[in-house]
Amino acid sequence: MQDLKKELTVQARTLGLTVYQSSVDEAEGTVCAIVRSPEGKRLAVLGREAARFAGESRDALLLCPLTVDNARELMLLFPYTKPQSHRGRPFSFGLGDRLGLATPGHVRAISGFDVFPVFAQQSIRELKLTGRSFSDVIAAAAFGVFQEGYRGGYGADGDHLKTEEEITYALESGCSMITLDCSEHIDTQASSLSAEAAAAAYACLPEEVRGHYEEAYLGKTLPILGTLSEAELHRIVLTFWRAIRHAINCCRHIEKTTSTPVDFELSIDETLTVTTPEEHYVIASELAAEGIRPDSVAPHFSGTFEKGVEYAGDLDRFARDFEVHREIAEYFGYKLSLHSGSDKLSVFSTVGRATGGRVHVKTAGTNWLEALAVLAEKDPALYRRAHRFAIEHRPEAERYYHVSTDVGEIPNIDLQCDAYLPEYLRMPAARQTMHIAYGLLLAQPWFREAFFRLLDRYEEDYYARLRVHIAKHLRYLTGGMKQ
Ligand code: ZN
């Protein structure tokens with residue numbers, strides 16, 4: 001087989017193609033490798049199973065575009081390129097890649113850490129804003145994993161899914177993790193009602209719902225919490241009973257849809273209020289009563305987790321709250337999950353220490369910012385145009401993301417020299433403005449085409465930046481050296 005691998009490399013070189021050496025691999029009498037041709041990256045295939053791939057013959061080689069269909073064949077031939085469940089792995093880390101270019105950099109970033117990476121992770125909102133499908137996202141991760149020759153396994157997270165239809169779509173596309181977002185079934189008004197108003201609203205709930213909750217929680221000594229007052233229970237039931245029912249239905253739906261293991265996360269982080277331990281306990285306990293054990297739960301933690309900037313809030317309070325949630329998670333046998341983890345280095349040491357490394361953390365947009373840093377460095381004129389565009393269109397971007405930095409604080413870019421541009425991505429206001437503009441920018445043909453061309457050309461610069469930036473997140477989480 002060594003001969004077949006060698007043959008592919010020789011053939012590719014004869015054709016003037018550059019071979020990504022770490023990608024060259026063989027299975028079933030077939031060798032595949034990522035190569036660079038003048039038209040862009042291709043999957044070069046040689047051997048018995050080559051006919052399974054769709055591409056163009058160049059001498060003995062088949063040169064295949066990096067499409068969803070070719071990714072599917074790749075995953076069949078080399079199962080390590082296929083997303084898989086991370087059940088049993090204590091520390092997992094989500095790395096949403098909105099451009100579909102970051103995986104090789106992410107592979108390098110996790111090297112040396114005992115972490116299960118979720119290289120593919122997108123919400124429906126992100127798919128819409130970037131014009132991609134779950135299959136596109138997974139194919140990009142699969143080719144990235146293959147390019148680097150990474151064999152450690154990775155996951156694909158259908159993030160913040162809200163309906164059974166979205167779950168089906170994610171599972172059929174190959175997602176190995178489902179994050180259910182119940183926010184549309186949570187009654188956000190209930191927590192602000194007076195005790196009387198809450199009692200009155202509670203009395204209107206179906207009798208069997210009330211009976212069930214009262215029987216389970218009133219007059220009982222509950223682990224971790226002690227007792228729950230009637231008023232507290234009323235508020236929790238009013239707020240969450242529909243969301244809990246929805247979560248149970250969705251779990252049953254996952255069980256019916258697939259027989260392969262799927263990591264199930266319940267997210268209640270995108271709610272208006274901070275999740276109390278009592279709420280967390282009741283939700284977990286209701287799922288447990290149905291025989292459902294999530295793999296992770298994402299409560300809404302105290303403080304503010306805004307896109308692209310550091311945590312804002314009382315770190316001591318965060319640590320105390322986090323500890324109670326951790327106890328509840330441990331009692332019910334799952335991991336806590338922390339979303340919007342990009343750039344929240346100040347909370348990571350607490351999270352790492354409190355959980356002993358048994359945790360799921362999600363990051364997403366931070367790799368987009370690293371891509372913009374490459375842009376600022378390599379094509380200042382295009383960066384300037386993107387920067388002005390993002391500032392101008394920030395009100396539009398704010399429809400999707402809640403941010404609080406002040407655009408007025410961003411120094412006028414026209415007065416700065418090119419060498420200064422990367423500095424903008426270190427300023428909270430500019431960083432956040434660029435962060436949330438990704439969907440609008442990627443929809444502009446003048447930006448999109450030139451940007452992707454640039455990142456393709458400077459891919460090594462991009463990977464190097466990702467490696468440093470993401471490894472820093474992991475060091476904080478694992479209690480490693482601080483930078
Ligand atoms: Zn979230």
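Up top is the structure.
Below: a short report on this structure. This one's a predicted model, so the numbers in the text were calculated from it and none came from an experiment.

Quick word on the overall build of the chain
Looking only at helices and strands, one finds 20 helices and 15 strands in the chain. Radius of gyration (C-alpha) of the chain: 24 Å, near the 23 Å computed for a compact globule of 483 residues. A separation threshold of at least 6 residues defines the contact pool for the chain, and within that pool the share at least 24 residues apart is 71%. As displayed, the chain has an accessible area near 20,100 Å², and 49% of this comes from carbon and sulfur atoms. Counting 53 positive and 67 negative side-chain charges, the chain places the averaged centre of each group 5 Å from the other.

What about the packing of helix α8 (residues 207-217) against helix α9 (residues 230-257)?
The N-to-C vectors of α8 and α9 enclose an angle of 120 degrees; their axes lie 11 Å apart at closest approach. In this view, α8 runs oblique relative to α9, as classed from their interaxial angle. Helix-helix and strand crossings are classified by hand; for α8 and α9 the assignment is right-handed. Seen from α8, the contacting residues are V209, Y213, E214 and Y217; seen from α9, they are L233, V237, W241 and I244. Among the residues forming the contact of α8 with α9, the class breakdown is seven nonpolar, no polar and one charged.

As for the coordination of the zinc ion
Taken together, the protein donors to the zinc ion comprise H160 (NE2), D269 (OD) and H339 (ND1), at separations of 2.0 to 2.2 Å. Within one chain, the residues donating to the zinc ion are spaced in sequence as H-x108-D-x69-H. Highlighted residues: D269 in the loop between β12 (263-267) and α10 (277-289) and H339 in the loop between β14 (335-338) and α12 (345-355), separated in sequence by 70 residues. Just as D269 is buried, H339 falls in that class too.

Quick word on the nonpolar core
Where a protein is soluble and globular, its nonpolar side chains tend to be buried together. By size, the foremost hydrophobic cluster in this structure holds 103 residues, and its most contacted members are C32, L43, F53, F93, F119, Y213 and L266. Top contributing element to this core by residue count: α9, with 13 residues. Those residues in contact with L43 that sit more than four places away from it in its chain are C32, A33, I34, F53, L62, L63, C64, L66, L74, F143 and F146. A373, L421, I436 and L466 belong to the second largest nonpolar core, which has 41 residues in total.

Examining the environment of D379
Turning to its location among the elements, D379 is positioned in the loop between α13 (366-378) and α14 (380-392). Judged by its relative accessible area of 26%, D379 falls in the partly exposed class. Put simply, D379 and D418 are 39 residues apart on the chain and 9.1 Å apart in space, counted from C-alpha to C-alpha. Dropping the residues within four chain positions of it, D379 is found in contact with V374 and L454.

Observations regarding the environment of R293
With respect to the element layout, R293 can be found in the loop between α10 and β13 (296-298). Remark: the alpha-carbon pair of R293 and C251, spanning 42 residues in sequence, is separated by 9.7 Å. Not counting the four nearest positions on each side in its chain, R293 is found in contact with F332 and G333. Side-chain polar atoms of R293 contact the backbone oxygen of G333, separated by 3.3 Å.

Let's talk about the packing of α14 against helix α19 (residues 445-457)
Look at α14 against α19: their axes get within 11 Å of each other, and the N-to-C directions meet at 140 degrees. Between α14 and α19, the angle is such that the two are oblique. Note that α14 runs across α19; the crossing there is left-handed. On the side of α14, the interface is formed by L382, R385, A386 and F389, while α19 contributes W446, F447, A450 and F451. Taken together, the residues of the contact of α14 with α19 sort by class into seven nonpolar, no polar and one charged.

Some thoughts on α19
For α19, built from 13 residues, the straight-helix expectation of 18 Å at 1.5 Å per residue is met to within 8% by its first-to-last C-alpha distance of 18 Å. Every buried residue of α19 is accounted for by F447, F451, L454 and L455. Along the axis of α19, the buried residues cluster in a sector spanning 95 degrees; they form a single face. When the buried face of α19 is taken as reference, the exposed residues oriented beyond 90 degrees from it are E449, R453 and R457. Contacts from the buried residues of α19 go to α13, α14, α18 (438-442) and α20 (459-477).

About the criteria used
- Residues numbered from 1 in each chain as written.
- Predicted model: local features only at pLDDT ≥ 70, side-chain atom pairs only at ≥ 80, totals over all residues.
- Heavy atoms only, no water.
- Helix = DSSP H or I, 4+ residues; strand = E, 2+ residues; numbered from the N terminus.
- Rg over C-alpha atoms; globule rule 2.2 N^0.38 Å.
- Contact = heavy atoms within 4.5 Å.
- Areas by Shrake-Rupley, 256 points an atom, 1.4 Å probe, with all protein chains shown as cover.
- Lys, Arg positive; Asp, Glu negative; His and termini not counted.
- Charge placed at Lys NZ, Arg CZ, Asp CG, Glu CD.
- Axes fitted to C-alpha atoms, helices over the stretch in contact; angles between N-to-C directions.
- Parallel < 35°, antiparallel > 145°, perpendicular 65-115°, else oblique.
- Left-handed = near helix turned anticlockwise from the far one by under 90°.
- Nonpolar A, V, L, I, M, F, W, Y, C, P; charged D, E, K, R; others polar.
- Donors = N, O, S within 2.8 Å, 3.2 Å for Na, K, Ca; no water.
- Buried < 20%, exposed > 50% of the residue type's maximum accessible area, 1.4 Å probe, protein only.
- Core = buried A, V, L, I, M, F, W, Y, C linked by side-chain atoms within 4.5 Å.
- Polar contact = N/O pair within 3.5 Å; in protein donor to acceptor, adjacent residues only side chain to side chain.
- Expected span 1.5 Å × (residues − 1).
- Arc of directions from axis to C-beta.

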